[in-house]
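Coordinates in review
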Amino acid sequence: MQAEAKHTLQNADVLRQETVISELASYDVRSVFAIHQQSQLMGRLASDQRLVEVASFLLNDEVYLHQSRLNYKPSFVGKEFYWHSDFETWHTEDGMPRMRALSMSVLLTENTSHNGSLMLMPGSHRCFLGCIGETPENHYKTSLKKQEFGVPDQTNLERMVNEFGIVSPVAKPGSILIFDCNMMHGSNSNITPMPRSNAFFVYNALSNQLGAPYGNKSPRPDFIANRTPEPIHPKGGYLAHRSDLSFA
């Protein structure tokens, strides 16, 4: 998986260009969306029973893939992801009706306390925080680089930190971090020489399919928010044989 992520980064020019998101002030790749459609290995990983069956159990439903991506936070220049709740955006801009989705982050590099690892407020998923202001049309074109709309105000952030605290999970490659779609989370910049990357999959309950956006006039593109859901049939066994991999 590490080799596949590296191969994808080195060959970003052959991917669907709308799915490749760069840092705001550079050409460094920040994320590659719809990665399950562009990498056979990542598509297989997204349907692995060790992920899908856990998601289905936690959501008590069949699940489908709402979103997938590879996230990169390169050494020295990887920028922050400001505090946010995914559900606030998915509800407003994608039309996700209820908090019946979860995210799974498969760590491809070590998450340390120094290299911009994810920070979460445990228990904050029980508290929905609506964000003030009108979301611009086609907001995703800038928000995927740096989100300025749909982020919580500082007064409420301070209140939530005082109530829930902040944890920053540290773990080795191959670990999986699972969190609720309404969990308040974010991450700092990475100014260390240790890059960070993960394969990120969002599983939504099949009964919670997207409708019309609750805030926008038009929904975001399908590579960000899947509008043709099909239940995932879990797969077991090895992820892939070497001859099947993109980098072979």
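Everything numeric in this text was worked out from a predicted model, so none of it was measured. Along each chain, residue indices are assigned from 1 in the same order as the chain's sequence is written. A pLDDT threshold of at least 70 governs which residues receive local features in this predicted model, and a stricter bar of 80 or more applies before side-chain atom pairs are shown or counted, although totals over entire chains, interfaces and linings include all residues. The side-chain numbers reported here are obtained from all heavy atoms of the structure, hydrogens and water having been left aside.

**Let's talk about the overall build of the protein**
Going along the chain from the N terminus, every DSSP run of H or I of four or more residues is numbered as a helix, and every run of E of two or more is numbered as a strand. Summing up its helical and strand segments, the protein has 7 helices and 9 strands in all. For every residue, the accessible area (1.4 Å probe, protein chains only) is compared with the maximum for its type, and the residue is labelled buried under 20%, exposed over 50%, or partly exposed between those bounds. Per-residue burial for the protein yields a buried fraction of 50% across its 248 residues. The criterion used for residue contact is that any of the two residues' heavy atoms lie within 4.5 Å. Pairs at least 24 apart in sequence give 85% of the contacts found in the protein among residues at least 6 apart. Here the accessible surface of atoms and residues is derived via Shrake-Rupley with a 1.4 Å probe, and residues count as covered only by protein chains that are part of the display. For the protein, the computed accessible surface area is about 12200 Å², with 53% contributed by carbon and sulfur atoms.

**Here's the deal with the sheet that holds strand β4 (residues 81-85)**
Two pairing modes exist for strands in a sheet, parallel and antiparallel, and in both the strands are linked by backbone hydrogen bonds. The sheet built from 3 strands is open, its strands ordered β4-β8-β6 with antiparallel pairing. Each edge of the open sheet carries a strand with a single partner, namely β4 and β6 (118-120). Ignoring which end each strand starts from, the neighbouring axes of this sheet average 20° apart. The pairing of β4 with strand β8 (residues 184-187) spans 3 bridges and is classified as antiparallel. If you follow F81 over to β8, its bridge partner there is S187. Lying on the sheet, helix α5 (residues 86-94) is in contact with β4 and β8; it crosses β4 at an angle near 70°. Two strands are said to pair when DSSP picks up at least two bridges between them. Axis lines are fitted to C-alpha atoms, over the contacting stretch for helices. Their N-to-C directions set the angle, which ranges from 0 to 180 degrees.

**A few points about the sheet that holds strand β1 (residues 20-22)**
Taken in spatial order, the 6 strands make up an open sheet running β1-β2-β3-β9-β5-β7, and their pairing is antiparallel. The open sheet is flanked by β1 and β7 (176-180), the only strands paired with a single partner. The mean inter-strand angle of the sheet, taken between neighbouring strand axes irrespective of direction, is 20°. Where strand β5 (residues 101-107) and β7 come together, 5 bridges link them in antiparallel fashion. Each residue of the ladder has a partner; that of L102, found in β7, is D180. Docked against the sheet, helix α1 (residues 2-10) engages β2 (29-33) and β3 (63-73), running at close to 75° with respect to β3.

**What to know about the layout of surface pockets**
Residues are called lining when one of their atoms sits within 4 Å of a cavity or pocket point, these points coming from a 1 Å grid over the protein atoms alone, where a cavity is a set in which a 1.4 Å probe fits but cannot get out and a pocket is an open set with protein on both sides within 12 Å along at least five of seven lines. Grid points are joined across faces, edges and corners, and a volume is the space filled by probe spheres set on the points. The space that makes up the second largest pocket amounts to roughly 410 Å³. Of all the secondary-structure elements, those providing two or more residues to the lining of the second largest pocket are α2 (35-38), α3 (40-46) and β3. Looking at the lining of the second largest pocket, the element that brings in the most residues is β3, giving 4 residues. Gly is put with the polar residues, along with every residue not named as nonpolar or charged; the nonpolar set is Ala, Val, Leu, Ile, Met, Phe, Trp, Tyr, Cys and Pro, and the charged set is Asp, Glu, Lys and Arg. Its residues assigned to classes, the lining of the second largest pocket comprises 8 nonpolar, 10 polar and 4 charged.

**Focus on helix α4 (residues 49-59)**
Every buried residue belonging to α4 is among L51, V52, A55 and L59, and all of these are buried. Looking down the long axis of α4, one finds its buried residues gathered within 90° of arc, a one-sided arrangement. The exposed set on the far side of α4, more than 90 degrees from its buried face, consists of R50 and F57. Buried residues belonging to α4 abut α3, β3, β5, β7 and β9 (196-205). Once α4 ends, the next one or two residues include N60, with phi positive near 55°. It is the directions from the helix axis to the C-beta atoms whose arc is reported.

**Description of the packing of aromatic side chains**
When the centres of two rings from Phe, Tyr and Trp lie within 6.5 Å, Trp using its six-membered ring, the rings pair. Their planes under 30 degrees apart give stacked, over 60 give edge-to-face, and anything left gives tilted. Scanning all chains against the criterion turns up 3 aromatic pairs. Relative to F223, the ring of F33 has its centre 6.3 Å away and its plane inclined at 75°; by these criteria the two rings are edge-to-face. In this pair, F33 is assigned in strand β2 and F223 in the segment after β9, connecting sequence segments 190 residues apart. Pair check on accessibility: F33 and F223 agree, each one buried. Their ring planes at 75° and their centres at 6.0 Å tell us that F87 and F128 sit as a pair that is edge-to-face. Here F128 lies in the loop between β6 and α6 (140-143) and F87 lies in helix α5, a separation of 41 residues in the sequence.

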